[in-house]
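# Tertiary structure, described
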Amino acid sequence: MLDDVMNKSLITKGLNTRFIGQNVLYYPVTTSTNDIARQQALAKCPEGTAVIADRQTSGRGRLKREWVTPQGNIVVSVVLYPARKELPFLTMLAALAVQYAIRKTTGLKCQLKWPNDVLINGKKVCGILLESRAAANSVDYAIIGIGINVNMKLADYPEISAIATSLADETGEEVSRAATLQNLFVEMEKLYLRLQAGESILAEWRENLVTLGKQIHVRAGDDVFEGIAEAVAEDGSLLLRCADGRSMTFTAGDVTLK
Ligand code: BTN
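Predicted model only: the values in this text are computed from it and were never measured.

### A look at the overall build of the chain
Helices and strands together make up the secondary structure of the chain, namely six helices and twelve strands. The C-alpha radius of gyration computed for the chain amounts to 18 Å, which stays within 12% of the reference 18 Å derived for 258 residues, consistent with globular compactness. Each of the three principal axes of the chain carries a C-alpha extent, and together these read 55 × 45 × 30 Å. Classification of the 258 residues of the chain by burial places 51% in the buried group. Taking all contacts inside the chain whose residues are at least 6 apart in sequence as the whole, residues at least 24 apart take part in 64%. A gap of 2 Å separates the mean positions of the 29 positive and 29 negative side-chain charges of the chain.

The following block contains the structure:
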C-alpha cells in the first residue's frame, strides 16, 4: 500500500506552509487525535501543530458518535489559536480545505453538506469535529479534527457502504495519504490567512453546499423536522422553511437530503 505506514518526514518534507503541519506528532495508534491535540494546546504547542494517527481506538464524531478509523485513512487534528470572531468559521474553513485538497490530489469533485460533511457523489468521504475552549471575547484554543476516508474499501463495511465512500473507491486506485495531507495543510493555511486578514469565506462555503434549496430532514436530538433548506445565516446556522410556513433555525443537527 502507498505510504502504508505514515511518518513525520513523509508529511513535512517539501510541505509548503508557514505553520500548519510544520510541527507534526505522529502516532501509529492513539485513542483520539483530538484528545492528544487538546493536551498539546493546553501545553501551548505551536499554532498549526498537527496530530496524526494511523488508527484511533476511540475516534469520535459529532453528536457523540463513533468514528471508525481503519488503517489507510487520514485522521488528523490541527491546533489553532484563532481570534474569537474567527471561531464560527473554522468548520467552514476545514470543509472547504478538504474539498480543495481532494480536488488537487485526485481530481475528484466534492460537495459540502450542512453543517460539515464532505460528500462525493452523495456519499460521505470526510467528517469534521471542531472542539474549542472559548469565552465571550477570547479563545484558548480550537482543535479541528478531520477524518478522511482515503484507502478504506467500503465493501468491507456493509453497515455504512450505502452512505459513505472513500477516495480509493471513487478513483479505483490507492491514494497517497501524505500528498492528500500536504494539500490539506496548504489549503487550510491559505483559508486561515484569509480569515485573519478579515476576509469572509461564508459565500464560498455557501456556494458549495448541496443542502440549500433542497427538501430535507433535520434531526436535532430526538426530534426530526422536515422542510426546505432555505438559507444559511452569517454564523453558519441553517434556516429551514417547514411545510406550514414556519421558519426554524438550527445551529447543529443531522441533515438527510430527500
Ligand atoms: C463527524 O462527521 O461526525 C465528525 C468526524 C470527525 C472524525 C475526526 S478523525 C480525527 C479527529 N479525531 C477524532 O476522534 N475525531 C476527529
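Still more ground to cover, so stick around.
### Some thoughts on the site of the ligand
Near the ligand lie 20 residues; those nearest to it are S32, Q56, R60, R62 and K124. T33 places a polar side-chain atom, nitrogen or oxygen, 3.1 Å from a nitrogen atom of the ligand. Between the ligand and the protein, one listed contact pairs a nitrogen atom with a backbone N or O atom of R60 at 2.7 Å. Alone, the ligand offers 420 Å² of accessible surface; in the complex the protein occludes 98% of this.

### Quick notes on helix α5 (residues 177-196)
Under the 1.5 Å per step criterion, the end-to-end length of α5 is 28 Å for 20 residues, consistent within 8% with the ideal 28 Å. Capping of α5 at its N-terminal end is provided by S176; its side-chain oxygen lies 3.3 Å from the backbone amide nitrogen of A178. After α5 finishes, the residue G198 shows a positive phi value of roughly 90°.

### What to know about the pattern of salt bridges
Summed over the entire model, instances satisfying the criterion amount to 15 salt bridges. Residue D54 pairs with R177 through a salt bridge whose shortest N-O separation is 2.9 Å. One end of the pair, D54, is in strand β2 (residues 50-56); the other, R177, is in helix α5, with 123 residues separating them in the sequence. Residue classification places D54 among the buried residues on the basis of a relative accessible area of 3%. Among the ionic contacts, a cluster of salt bridges with common partners joins D35, R38, R60 and E131.

### Observations concerning the packing of aromatic side chains
Evaluated as defined, the whole model comprises two aromatic pairs. Here F225 and F250 contribute two aromatic rings whose centre-to-centre distance is 5.5 Å and whose plane-to-plane angle is 50°, an arrangement assigned as tilted. Of this pair, F225 sits in strand β9 (residues 223-232) while F250 sits in strand β11 (residues 247-250), and the two are 25 residues apart along the sequence. For F225, a relative accessible area of 21% translates into the label partly exposed. For F250, a relative accessible area of 6% puts it in the buried group.

### With respect to the pairing of strand β3 (residues 74-80)
Burial within β3 is extensive, with seven of its seven residues counted as buried. Here four bridges tie β2 to β3, and the two strands are oriented antiparallel to one another. Across the sheet, A53 pairs through a bridge with V75, a residue of β3. Pairing analysis gives seven bridges linking β3 to strand β7 (residues 139-148), with the strands arranged antiparallel. Paired with I74 across the bridge in β7 is I148.

### Details of the environment of Y81
Along the polypeptide, Y81 turns up in the loop between β3 and α3 (90-106). Between the alpha carbons of Y81 and R18 there is a distance of 15 Å; along the sequence they are 63 residues apart. What Y81 contacts, discounting residues up to four positions off in sequence, is Q40, A41, K44, C45, P46, E47, D140, Y141 and Y192. At 2.7 Å, the side chain of Y81 and the backbone oxygen of C45 are in polar contact.

### Structural notes on the sheet that holds strand β5 (residues 117-120)
A sheet is described by the order of its strands in space; here seven strands give the open sequence β1-β2-β3-β7-β6-β5-β4, paired in mixed fashion. Bordering the open sheet on either side are β1 (24-30) and β4 (111-113), each of which pairs with just one other strand. Each neighbouring strand pair of the sheet contributes to a mean axis angle of 20°, computed without reference to strand direction. Pairing analysis gives six bridges linking β1 to β2, with the strands arranged parallel. Across the sheet, residue Y26 finds its bridge partner in β2, namely I52. This element, α3, spans β3, β4, β5, β6 (123-134) and β7 of the sheet and lies at about 35° to β7. Packing of α5 onto the sheet brings it into contact with β2, β3 and β7, and relative to β3 it is tilted by some 25°.

Thresholds, definitions, all that
Residues numbered from 1 in each chain as written. Predicted model: local features only at pLDDT ≥ 70, side-chain atom pairs only at ≥ 80, totals over all residues. Heavy atoms only, no water. Helix = DSSP H or I, 4+ residues; strand = E, 2+ residues; numbered from the N terminus. Rg over C-alpha atoms; globule rule 2.2 N^0.38 Å. Buried < 20%, exposed > 50% of the residue type's maximum accessible area, 1.4 Å probe, protein only. Contact = heavy atoms within 4.5 Å. Lys, Arg positive; Asp, Glu negative; His and termini not counted. Charge placed at Lys NZ, Arg CZ, Asp CG, Glu CD. Near = heavy atom within 4 Å. Polar contact = N/O pair within 3.5 Å; in protein donor to acceptor, adjacent residues only side chain to side chain. Areas by Shrake-Rupley, 256 points an atom, 1.4 Å probe, with all protein chains shown as cover. Expected span 1.5 Å × (residues − 1). Salt bridge = Lys/Arg side-chain N within 4 Å of Asp/Glu carboxyl O. Phe/Tyr/Trp six-rings, centres within 6.5 Å; stacked < 30°, edge-to-face > 60°. Pairing = 2+ DSSP bridges. Axes fitted to C-alpha atoms, helices over the stretch in contact; angles between N-to-C directions.

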